[in-house]
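# Observations on the model geometry
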Amino acid sequence: MLSDFADHVIDPILRLKGDTIPVSRMPLNGAVPTGTKKLEYRGVAGNAATWIEKLPFVQEPYIAEPYIEYAPSCSGCGEVPYIHLATQLFGDRMMIANATGCTSIYGGTFPTTPYTKDSKGKGPAWANSLFEDNAEFGFGMRLAVDANRKQLKTNVQALMPLLNNAPLRAALEKGLILFDAVTREARNHADTIRQLLAEEHKRSSGKKELRILLDKVIELQDYFVEKSVWIFGGDGWAYDIGFGGLDHVMSSNKNVNVLVMDTEVYSNTGGQASKATPRGAVAKFASDGKKLSKKNLGLMMTTYGKAYVAVVNMGMDREKTALAFVEAEKHNGPSIIIAYSPCIAHGYDMRLTKKQSEKASKSGYWPMYRFNPDLRAEGKNPFIWDVPVTEDAVSFKNYLEEELRYKTLNLSNPEEALRLEELAQKDNEQRFKDIKHLSEI
Ligand SMILES: Cc1ncc(C[n+]2csc(CCOP(=O)(O)OP(=O)(O)O)c2C)c(N)n1
Ligand code: SF4
């Protein structure tokens, strides 16, 4: 399938001969083979992030292959490492609803795609709906997975008494016991069931009732292992245009994971201001500096009480960031991770993103924290600081003066730049107080 697609679709398109491809060459269901981006790189696979496997809280490191490679973003893009991280942790059972934005453009490229599958043929299922309905789109995926798993269970229970095949019956029984586990044992066992089902299917012709149930269980066999449903998008989506849907999903009790890659502007359309843009930064529609403070999305999300919330910064602390991903995924309810994401729109050398990310947290601009409602059950405060803002501090000015989005205003209107900078400093203090309040509940 891949070589056919590569020869008859990818190759002509890359040679600018796409117009010659007959429509019948396109996959009928709209799904394209994954792992094809590497064909543009002599077929050499990308690297898996080995540091993830060494983390003590990643209990079953089994990932030796990447699930996204050669994402064609800008060099140094701060969004991509978060996608690498999420896919390496959960990629083989992941479903991603991707809002329109940079993540959908470099994630959903055609004719080659950077998302991959591993040697077992497993990898993230990915789709993009619209900019404005992505939370609802992912929510729909969750409901569909729940419905399919429920149907699978019912059909397995109906099938078992009809089986004369003891190994398959025992495997299905064990499959039901492991139904909610996502361990390596559960995943390997699902592969065993798949094999036994295929063998039984070959033997079952002429047995109508058995065949109907077998067909149904085989159709749904991918759902023996629980999926990890993710909703990806930028700040333009999460803070502004998709916020209604985000609110709906986050106030539900469904197990979805939201990843907001916060570049503080609508990056993909050239850097328009969003509600995530900080005060004083110059962006499109805020050419004389944004006059209002950044919306505190993290704090708002904690008010649902039962949602997991993490505000992370990979450049500051990748281990705490990974911990937030693991906890968010584990939380049996809605989770949101708001991720500091350097972008070319910030206006500095993208080789320095790590250093600048550190300054963002150390200056108090980007406090890192986790709000884990599961801790309440253990009688603990759900709020955890990950970067005490007083530790190893740098001044806010020191952070600002590295970035063109702040420097521009200083050049064109220094009085206004100073006024906004002072207000932005107060925003940081207020944000800190608002969040600190949570740590004292
Ligand atoms: C309803 C709607 N409005 C506008 C657009 C155009 N559009 C596509 S991507 C994008 C910017 C996305 O910004 P953000 O969500 O911050 O993601 P980023 O590109 O920064 O990752 C816009 C405005 C659209 N696709 N749909
Ligand atoms: S514009 Fe920004 S967010 Fe988009 S790919 Fe480039 S660096 Fe990444």
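Residue numbering note: each chain is counted from 1, following its sequence as written. Written order decides the labels, with chains lettered from A and ligands numbered from 1. Confidence filtering applies because this is a predicted model: local features only for residues at pLDDT of at least 70, side-chain atom pairs given and counted only at 80 or more, and all residues used for totals across whole chains, interfaces and linings.

### Description of the site of ligand 1
Close contacts around ligand 1 come from 21 residues, with Gly101, Gly234, Gly236, Ser267 and Asn268 the closest. The set of elements that each furnish at least two residues to the shell around ligand 1 consists of helix H4 (102-107), strand E3 (228-234) and helix H9 (235-241). For the shell around ligand 1, the element with the highest residue contribution is H9, accounting for 4 residues. Side-chain classes are defined by residue name, with Ala, Val, Leu, Ile, Met, Phe, Trp, Tyr, Cys and Pro counting as nonpolar, Asp, Glu, Lys and Arg as charged, and the others, Gly among them, as polar. Of the residues contributing to the shell around ligand 1, the split by class is 7 nonpolar, 11 polar and 3 charged. Using the backbone to place each C-beta atom, any residue with that atom within 6 Å of a molecule or strand is considered near it. A run of H or I in DSSP counts as a helix once it spans at least four residues, and a run of E counts as a strand once it spans at least two, with each numbered from the N terminus.

### Things to note about the site of ligand 2
All residues in the neighbourhood of ligand 2 are listed as Ser73, Cys74, Cys77, Glu79, Cys102, Thr263, Ser267, Asn268, Cys343, Ile344 and Ala345. Across the shell around ligand 2, the residue classes break down as 6 nonpolar, 4 polar and 1 charged.

### So, the sheet that holds strand E8 (residues 335-340)
Each strand in a sheet pairs with its neighbour through backbone hydrogen bonds, running either in the same direction (parallel) or in the opposite one (antiparallel). Strands were regarded as paired on the criterion that DSSP finds at least two bridges between them. Strand order in the open sheet made by the 8 strands is E2-E1-E3-E4-E8-E7-E9-E10, with mixed pairing throughout. Unpaired on one side and paired on the other, strand E2 (125-128) and strand E10 (383-385) mark the two borders of the sheet. Averaged over all pairs of adjacent strands, the angle between their axes in this sheet comes to 15°, without regard to strand direction. Relative to E8, strand E7 (residues 308-312) runs parallel, the two being bridged by 5 bridges. Note on E8: the bridge partner recorded for Val309 is Ile336. To obtain an axis, a line is fitted to C-alpha atoms, over the contacting stretch when the element is a helix, and the angle between two such axes runs from 0 to 180 degrees between their N-to-C directions.

### What to know about the domain arrangement of the protein chain
A domain assignment, automatic or from a database, supplies the domain bounds used here. You can read the domains of the protein chain as domain 1 (1-33) and domain 2 (41-441). Throughout, a residue-residue contact means that the two C-beta atoms, derived from backbone geometry, are no farther apart than 7 Å. With 4 residues of domain 1 in contact, the opposing surface of domain 2 contributes 4 residues. Looking at the side of domain 1 that touches domain 2 residue by residue, the class counts come to 4 nonpolar, no polar and no charged.

### Points about the pairing of E7
Partly exposed residues are those whose C-beta has more than 12 but fewer than 20 other C-beta atoms within 10 Å; with 20 or more the residue is buried, with 12 or fewer it is exposed, and the C-beta atoms are placed from the backbone. Counting buried residues in E7 gives 5 out of 5 residues, a clear majority hidden from the surface. Taking every second residue as pointing to the same face, both faces of E7 are buried, with Tyr308, Ala310 and Val312 on one and Val309 and Val311 on the other. By the criterion used throughout, a crossover qualifies as right-handed when its path from the first strand across the helix to the second strand runs clockwise, the strands pointing away from the viewer. One crossover worth recording links E7 to the parallel E8 by way of helix H12 (residues 318-330), and it is right-handed. Pairing between E7 and strand E9 (residues 369-371): 3 bridges, direction antiparallel. Residue Ala310 lies in a different strand from E9, and its bridge partner there is Arg370.

### Observations regarding the pairing of strand E1 (residues 94-98)
Among the 5 residues that make up E1, 5 are buried, leaving the element largely enclosed by the rest of the structure. Where burial is concerned, the two faces of E1 agree: the one with Met94, Ile96 and Asn98 and the one with Met95 and Ala97 are both buried. Looking at chain direction, E1 and E3 are connected through 5 bridges and run parallel. Residue pairing in the sheet places Met95 in a bridge with Val229 of E3. Bridge count for E1 against E2 is 4 bridges, and the pairing is parallel. Note that in E2 the partner of Met95 across the bridge is Ala125. Each parallel crossover has a hand, and for E1 linked through H4 to E2 it is right-handed.

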